[in-house]
Amino acid sequence: MTTTLNRLRERLVEEQGSTTAEFAMVTLAAVAFAGLLISILSSGDVRGMLMGLISKALSL
């Protein structure tokens with residue numbers, strides 16, 4: 001029983017920083033995706049297309 005608990009504790013200690021690393025990777029990916037969206041939505045072509053779509057939707 002004690003051996004099993006010791007093995008479990010060792011595994012938990014070994015993986016202690018993995019959650020922080022995963023959180024950092026997800027945050028980095030979200031920031032990169034947000035930057036990509038901002039650059040795409042800032043372009044003139046996309047802005048014109050979105051404005052046309054909004055105008056058409058509001059005129060219904």
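The rules we used
Each chain has its residues counted from 1, following the order in which its sequence is written. Under the rules for a predicted model, residues below a pLDDT of 70 receive no local features and side-chain atom pairs below 80 are neither given nor counted, while totals for whole chains, interfaces and linings still include all residues. Side-chain descriptors were evaluated using all non-hydrogen atoms of the structure, hydrogens and water having been removed beforehand. Numbering of helices and strands runs from the N terminus; a helix is a DSSP stretch of H or I covering at least four residues, while a strand is a stretch of E covering at least two. The buried label goes to any residue with under 20% of its type's maximum accessible area, the exposed label to any with over 50%, and the partly exposed label to all in between, with areas taken from a 1.4 Å probe on protein chains only. Using the Shrake-Rupley algorithm and a 1.4 Å probe, accessible areas are obtained, with residue cover drawn only from the displayed protein chains. UniProt positions are given in the numbering used here, feature names are shortened, and annotations may be inferred rather than shown by experiment. Surface patches are defined over residues having more than 30% relative accessible area and no salt bridge, joining like charges when they lie within 9 Å and nonpolar side chains (Val, Leu, Ile, Met, Phe, Trp, Tyr) when within 5 Å. Any carboxyl oxygen of Asp or Glu that lies within 4 Å of a side-chain nitrogen of Lys or Arg is treated as forming a salt bridge with it. Note: pLDDT gives the predictor's confidence per residue, expressed from 0 to 100.

### Details of the overall build of the chain
At step 1: A count of helices and strands for the chain gives 3 helices and 0 strands.
At step 2: Listed N to C, the secondary structure of the chain is α-α-α in terms of helices and strands.
At step 3: Taken over 60 residues, the chain has a buried fraction of 2%.
At step 4: Only carbon and sulfur atoms are counted for the fraction: they give 69% of the accessible area of the chain, which is about 5,700 Å².

### Side note on the UniProt feature "transmembrane region" (unreviewed entry) in the chain
At step 1: UniProt tags residues 20-41 as "transmembrane region" (unreviewed entry).
At step 2: Measuring from the first to the last C-alpha atom of residues 20-41 gives 31 Å, for a span that is 100% helix and 0% strand.

### Quick notes on a nonpolar patch on the surface
At step 1: On the surface, F33, L36, L37, I40, L41, L50, M51, L53, I54 and L58 cluster together into a nonpolar patch covering about 970 Å² of accessible area.
At step 2: Elements supplying a minimum of two residues to the nonpolar patch: α2 (18-42) and α3 (44-59).
At step 3: Here L58 is to be found in helix α3.
At step 4: L58 sits in the exposed class, given a relative accessible area of 72%.

### Some points on the confidence of the model for the chain
In low-pLDDT segments, the atomic positions of the prediction should not be examined closely.
At step 1: In the predicted model, the chain carries a mean pLDDT of 83, and 87% of its residues have values of at least 70.
At step 2: Taken element by element, the predicted model of the chain shows its lowest mean pLDDT in helix α1 (residues 2-14) (74) and its highest in α3 (89).

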